[in-house]
Amino acid sequence: MTSVSPAASALLSGWLEMKQSVQGLSENTISAYQADLLCFFAFMGERFGTDLGAAPLKRISIQDMRAWLAHERGRGIAPRSLARELSAVKSFYNWFAERDGFDATAILATRAPKFQQKLPRPVEKDAARALLETIAYQSEKPWVAQRDTAVLTLLYGCGLRISEALSLKGSDSPLSTSLRIIGKGDKERVVPVLPVAQAALAAYVADCPYDLTAKSPLFFGVRGGALTPRTVQKAMAAARMQLGLPASATPHALRHSFATHLLSAGGDLRTIQELLGHASLSTTQTYTAVDTARLMEVYERSHPRA
């Protein structure tokens, strides 16, 4: 594989530093951007037959971009993933072109592949309630069952990501009527805490065999380390199998359920956006499509003329 020149590496580092410092992106997002750009640079280096520096990067044409897209499709990259790669490349060129003052139209005008927007898959209200009731009897250790119940109640009752729930510390207990969450990109938001979530956490803390300190994790694994997402996912899988629910009933589906059920109860999108910690309203708007799809399912199943 043709190497990336020090000049191109320096450009990439400068762009990534800007993304992290100005936009506050997470380490995982930065790593994904870096991988996407390095693959793009490698392809263009092979295509040009030279170490890829700043000058060749400025000469990339529409034909070069089409060749790269075809190459990625040939590697089996799905349209959604390819659109994400192209978005990273365009973001880099927006910064690069502004910095060096050249025309990057060939790259910025490249169209992303079309793909079907994947809608969130929430669980029904009754199913969400049944999951929380079932998870309480999944473990032979009462404190473990209470722990899992508390975690899933936070996901469904507060709309937390599983990583956000598991990042809570002992200092967050006992829960007050609101909870300050640091989400993706270090974005901070405040979410209300329902009494049922306060009670679930209090029950877990009362029986937890490990000492909670201000800096310790709030949720412990059975061996005393921090609880892992995989453990929560396995507990959820066991509960959904017992209830006969589909594989889409994951811990993250409870966050989707939080948003969808709020929307169906009359919640406005801006408020739901704030509660979920979405940077863009367009992300939250996918739940309107879910709500419409659910209404159509009911109509087609129930209306005598459907």
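Residues numbered from 1 in each chain as written. Predicted model: local features only at pLDDT ≥ 70, side-chain atom pairs only at ≥ 80, totals over all residues. Heavy atoms only, no water.

A. Geometry of the overall build of the chain. Along its length, the chain carries 15 helices and two strands. Counting across all 306 residues of the chain, residues that qualify as buried make up 42%. Of all intrachain contacts in the chain linking residues separated by at least 6 positions in sequence, the fraction that spans at least 24 positions is 61%. Per element, the accessible surface of the chain, about 16,500 Å² overall, is 53% carbon and sulfur. (Helix = DSSP H or I, 4+ residues; strand = E, 2+ residues; numbered from the N terminus. Buried < 20%, exposed > 50% of the residue type's maximum accessible area, 1.4 Å probe, protein only. Contact = heavy atoms within 4.5 Å. Areas by Shrake-Rupley, 256 points an atom, 1.4 Å probe, with all protein chains shown as cover.)

B. Looking closely at the confidence of the model for the chain. On average, residues of the chain score 84 in pLDDT, and 85% of them reach the 70 mark or higher. Ranking the elements of the chain by mean pLDDT puts helix α15 (residues 286–302) last, at 52, and helix α10 (residues 195–207) first, at 94. (pLDDT = per-residue confidence, 0-100.)

C. Spotlight on the packing of aromatic side chains. Applying the stated criterion across every chain, the model contains 16 aromatic pairs. Look at F40 and W68: their rings are 5.0 Å apart centre to centre, the planes differ by 90°, and that puts the pair in the edge-to-face class. With F40 in helix α2 (residues 27–48) and W68 in helix α4 (residues 62–74), this pair connects stretches of sequence that are 28 residues apart. The class of F40 is buried, set by a relative accessible area of 0%. Since its relative accessible area comes to 0%, W68 is described here as buried. (Phe/Tyr/Trp six-rings, centres within 6.5 Å; stacked < 30°, edge-to-face > 60°.)

D. A look at the environment of K184. Examined against the element boundaries, K184 turns out to sit in the loop between β1 (178–182) and β2 (188–192). Of the residues examined, K184 reaches a relative accessible area of 58% and is grouped as exposed. A C-alpha to C-alpha distance of 8.7 Å links K184 and G24, two positions 160 residues apart in sequence. Ignoring any residue separated from it by four or fewer positions in sequence, one finds K184 in contact with R161 and E164.

E. Region of the structure containing the pairing of β1. Side chains L179 and I181 project from β1 onto a buried face, and the interleaved S178, R180 and I182 project onto a face without burial. Count of turn residues in the β1/β2 antiparallel hairpin: five residues, of which G185 carries a positive phi of about 65°. (Pairing = 2+ DSSP bridges.)

F. The packing of helix α8 (residues 142–158) against helix α12 (residues 251–264), seen in detail. Where α8 contacts α12, the two axes come as close as 7 Å, and the packing angle between them is 30°. Classed by the angle they form, the pair α8 and α12 counts as roughly parallel. As α8 runs across α12, the sense of the crossing is right-handed. Judged by residue contacts, L152, L155, Y156, G157 and C158 of α8 engage P251, L254, R255, S257, F258 and H261 from α12. Partitioned by chemical class, the residues of the contact of α8 with α12 number seven nonpolar, three polar and one charged. (Axes fitted to C-alpha atoms, helices over the stretch in contact; angles between N-to-C directions. Parallel < 35°, antiparallel > 145°, perpendicular 65-115°, else oblique. Left-handed = near helix turned anticlockwise from the far one by under 90°. Nonpolar A, V, L, I, M, F, W, Y, C, P; charged D, E, K, R; others polar.)

G. Examining the packing of α8 against α10 more closely. Close contact between α8 and α10 brings their axes to 8 Å; oriented N to C, the two are set at 155°. It follows from the interaxial angle that α8 and α10 lie roughly antiparallel. At the point where α8 passes α10, the crossing takes the left-handed sense. The residues of α10 that touch α8, namely those facing W143, Q146, R147, A150, T153 and L154, are V196, A197, A200, L201, A203, Y204 and D207. When its residues are assigned to classes, the contact of α8 with α10 shows nine nonpolar, two polar and two charged.

H. Here's a closer look at the side chain of R255. Along the chain, R255 turns up in helix α12. Buried charged residue R255 carries no salt bridge. Nearest counter-charge: E164, at 4.5 Å. (Lys, Arg positive; Asp, Glu negative; His and termini not counted. Salt bridge = Lys/Arg side-chain N within 4 Å of Asp/Glu carboxyl O.)

I. Local environment of the UniProt feature "active site" (unreviewed entry) in the chain. UniProt records the feature "active site" (unreviewed entry) at R161, K184, H252, R255, H278 and Y287, using the numbering of this structure. Relative to the elements of secondary structure, R161 occurs in the loop between α8 and α9 (162–166). Assessed through its relative accessible area of 10%, R161 is described here as buried. Tracing the backbone through its elements, the reader meets H252 in helix α12. A relative accessible area of 37% means that H252 is categorised as partly exposed. (UniProt positions renumbered as here; feature names shortened; annotations may be inferred.)

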